[in-house]
Amino acid sequence: MRSVPALRLYEGDRARLEALTRMSTAPAGLVRRARIVLLAAEGASNTEIAAQLRVSRPTVIKWRSRYTDSGIAALGDLPRPGRPATVDEVAVLVATLADGARPPARLRAPYWSSRLLADELGIAHSTVARVWRKWGVRPHRPETFQLPSVPPLPPGVHRGVVGVFRASSWNAVVLRADERTGHRAEERFRPLLVDRAGPGADCASAPAAFLNLLDAVAQAHPYPRLHVLMNGTGAMRSRGIREWLLRNPRVSLHHAPATRSWADLTEVSLRLAGAGHRSTSSIHRHPGTTHGPDVGPRPL
């Protein structure tokens, strides 16, 4: 039996704590404290957390108590502004846009400022501002955020991930326009469809497998417009794909711009939309594939 109940996180803190554990600017001590709090929130006992993180039990008790009293700020040891380091831009984006881009209620702010988010993440406010400028984020108007793509994606679709295809140069993520009226709304809770082509798929079977995924997603989501964000332009040159698009005019192809990584764009979508997916299902598995779909955030 656990000696203490699961730690209750302040509103909006989970995304901020997870971002802290991924920040290369954060000192090891701060990362460890964030992990203590996250594990405590998952219901792990003080003894289990101490063993997993190789710290003493009194250390666990101290930091979960400090978080309970004063939130993230009480974890202390925040990195100093201006320290040269590489910042995980995806983590900054997710921390900004999570929970409808609303700061936790304890901060008493209607939307994020660069200084407010910087204090939460333990990085320089100029870094937050730079990431926002680079990605076109306006924290006071989160509904205007658009994932960079060619041609441009409409605002808001980054939260509507409904399909993922993995096959090297054929990597793709399928996004749906958000429909909020009538019977269409229930489609948003249907399982995420995933397909990962096996070895050699790029040369021969990738186009057919990709079309199978598009057929499955279009059938599962028959009403809204669907936007397919590709890793490259290969699919656009495929005759079979072009013919399929002519038969399905509500589906459009987009590709990642040269200045952005498809993996980063997809991770932003998956991490922001993840809470909306109740389950994940694979439409089929290719011969020779023995592992499950790789759709989670990759380690950075």
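Our structure's up above, just so we're on the same page.
Since the model is a prediction, treat every value here as computed from it, not as a measurement.

K.L.:
Quick question: what am I supposed to make of the overall build of the protein chain here?
P.N.:
Looking only at helices and strands, the protein chain has 10 helices and six strands in total. Going through the 300 residues of the protein chain one by one, you find that 50% of them count as buried. Within the protein chain, contacts between residues separated by at least 24 positions form 71% of all contacts whose residues are at least 6 apart in sequence. Of the roughly 14700 Å² of accessible surface on the protein chain, a fraction of 52% belongs to carbon and sulfur atoms.

K.L.:
Any chance you could explain the nonpolar core here in plain terms?
P.N.:
In a soluble, globular protein the nonpolar side chains are often hidden away together inside. Core analysis: the largest hydrophobic core is formed by 63 residues, its most contacted members being Leu17 and Val92. Ranked by the residues each element gives to this core, the list is headed by helix α2 (residues 28–41), at nine residues. Residues contacting valine 92, with those up to four places away along its chain left out, are Met23, Val87, Leu117, Leu121, Ile123, Val131 and Trp132. By size, the runner-up hydrophobic cluster in this structure holds 24 residues, among which are Val174, Leu214, Ala218 and Leu253.

K.L.:
How should I be thinking about the packing of helix α5 (residues 89–97) against helix α10 (residues 262–273) in this particular structure?
P.N.:
The axes of two packed helices give the description: the angle between them and the distance between them. Two elements in contact, α5 and α10, have axes whose closest approach is 10 Å; the angle formed by their N-to-C orientations is 30 degrees. Considered as vectors, α5 and α10 are oriented roughly parallel to each other. α10 is crossed by α5, and the crossing has right-handed handedness. Together, Val90, Ala91, Leu93, Val94 and Leu97 of α5 and Asp264, Glu267, Val268, Arg271 and Leu272 of α10 make up the contact between the two elements. Residue classes in the contact of α5 with α10 are distributed as seven nonpolar, no polar and three charged.

K.L.:
When you look at the packing of aromatic side chains in this model, what are you seeing that I'm missing?
P.N.:
For any pair of aromatic rings, the description rests on two quantities: the centre-to-centre distance and the angle between the ring planes. Enumeration over the complete set of coordinates arrives at three aromatic pairs. Considering the side-chain rings of tyrosine 10 and tyrosine 67, the 5.4 Å spacing of their centres and the 70 degrees angle between planes classify their relative orientation as edge-to-face. Of this pair, tyrosine 10 sits in the segment before α1 (13–22) while tyrosine 67 sits in helix α4 (residues 57–70), placing them 57 residues apart in sequence. Here phenylalanine 165 and phenylalanine 210 contribute two aromatic rings whose centre-to-centre distance is 5.5 Å and whose plane-to-plane angle is 55 degrees, an arrangement assigned as tilted. Of this pair, phenylalanine 165 sits in strand β1 (residues 161–166) while phenylalanine 210 is found in helix α8 (residues 206–220), placing the two residues 45 residues apart along the sequence. Here the two residues phenylalanine 165 and phenylalanine 210 agree in accessibility, since each one is buried.

K.L.:
Even after reading the chapter, I still don't get the side chain of arginine 260, so can you show me in this structure?
P.N.:
Relative to the elements of secondary structure, arginine 260 occurs in the loop between β5 (251–255) and α10. Glutamate 89 provides the closest opposite charge to the buried, salt-bridge-free arginine 260, at an N-O distance of 6.1 Å. If we ignore the near neighbours within four places in the chain, the residues touching arginine 260 are Lys134, Trp135, Pro148 and Leu265.

K.L.:
Even after reading the chapter, I still don't get the pairing of strand β4 (residues 226–230), so can you show me in this structure?
P.N.:
Two faces belong to every sheet, and in a regular strand the side chains alternate between them. Among the five residues that make up β4, five are buried, leaving the element largely enclosed by the rest of the structure. Alternating positions in β4 separate into two faces, Leu226, Val228 and Met230 on one and His227 and Leu229 on the other, with burial throughout. Two strands pair when backbone bridges link them, and strand β2 (residues 172–176) and β4 are joined in this way by five bridges, in the antiparallel orientation. Residue pairing in the sheet places valine 173 in a bridge with leucine 229 of β4. Here β4 runs beside β5; their pairing, made up of five bridges, is parallel. Across the sheet, the residue bridging to leucine 226 is valine 251, located in β5. Of the crossover connections in this fold, the one passing from β4 over helix α9 (residues 239–247) to the parallel β5 is right-handed.

K.L.:
Whenever I open this one, the environment of tryptophan 170 confuses me. Can you help?
P.N.:
By secondary structure assignment, the location of tryptophan 170 is in the loop between β1 and β2. Linking tryptophan 170 and alanine 206, residues 36 residues apart in sequence, is a C-alpha distance of 7.1 Å.

Parameters at a glance
Residues numbered from 1 in each chain as written. Predicted model: local features only at pLDDT ≥ 70, side-chain atom pairs only at ≥ 80, totals over all residues. Heavy atoms only, no water. Helix = DSSP H or I, 4+ residues; strand = E, 2+ residues; numbered from the N terminus. Buried < 20%, exposed > 50% of the residue type's maximum accessible area, 1.4 Å probe, protein only. Contact = heavy atoms within 4.5 Å. Areas by Shrake-Rupley, 256 points an atom, 1.4 Å probe, with all protein chains shown as cover. Core = buried A, V, L, I, M, F, W, Y, C linked by side-chain atoms within 4.5 Å. Axes fitted to C-alpha atoms, helices over the stretch in contact; angles between N-to-C directions. Parallel < 35°, antiparallel > 145°, perpendicular 65-115°, else oblique. Left-handed = near helix turned anticlockwise from the far one by under 90°. Nonpolar A, V, L, I, M, F, W, Y, C, P; charged D, E, K, R; others polar. Phe/Tyr/Trp six-rings, centres within 6.5 Å; stacked < 30°, edge-to-face > 60°. Lys, Arg positive; Asp, Glu negative; His and termini not counted. Salt bridge = Lys/Arg side-chain N within 4 Å of Asp/Glu carboxyl O. Pairing = 2+ DSSP bridges. Right-handed = clockwise from strand over helix to strand, strands pointing away.

Scope: geometric values only; no functional claims are made or implied.
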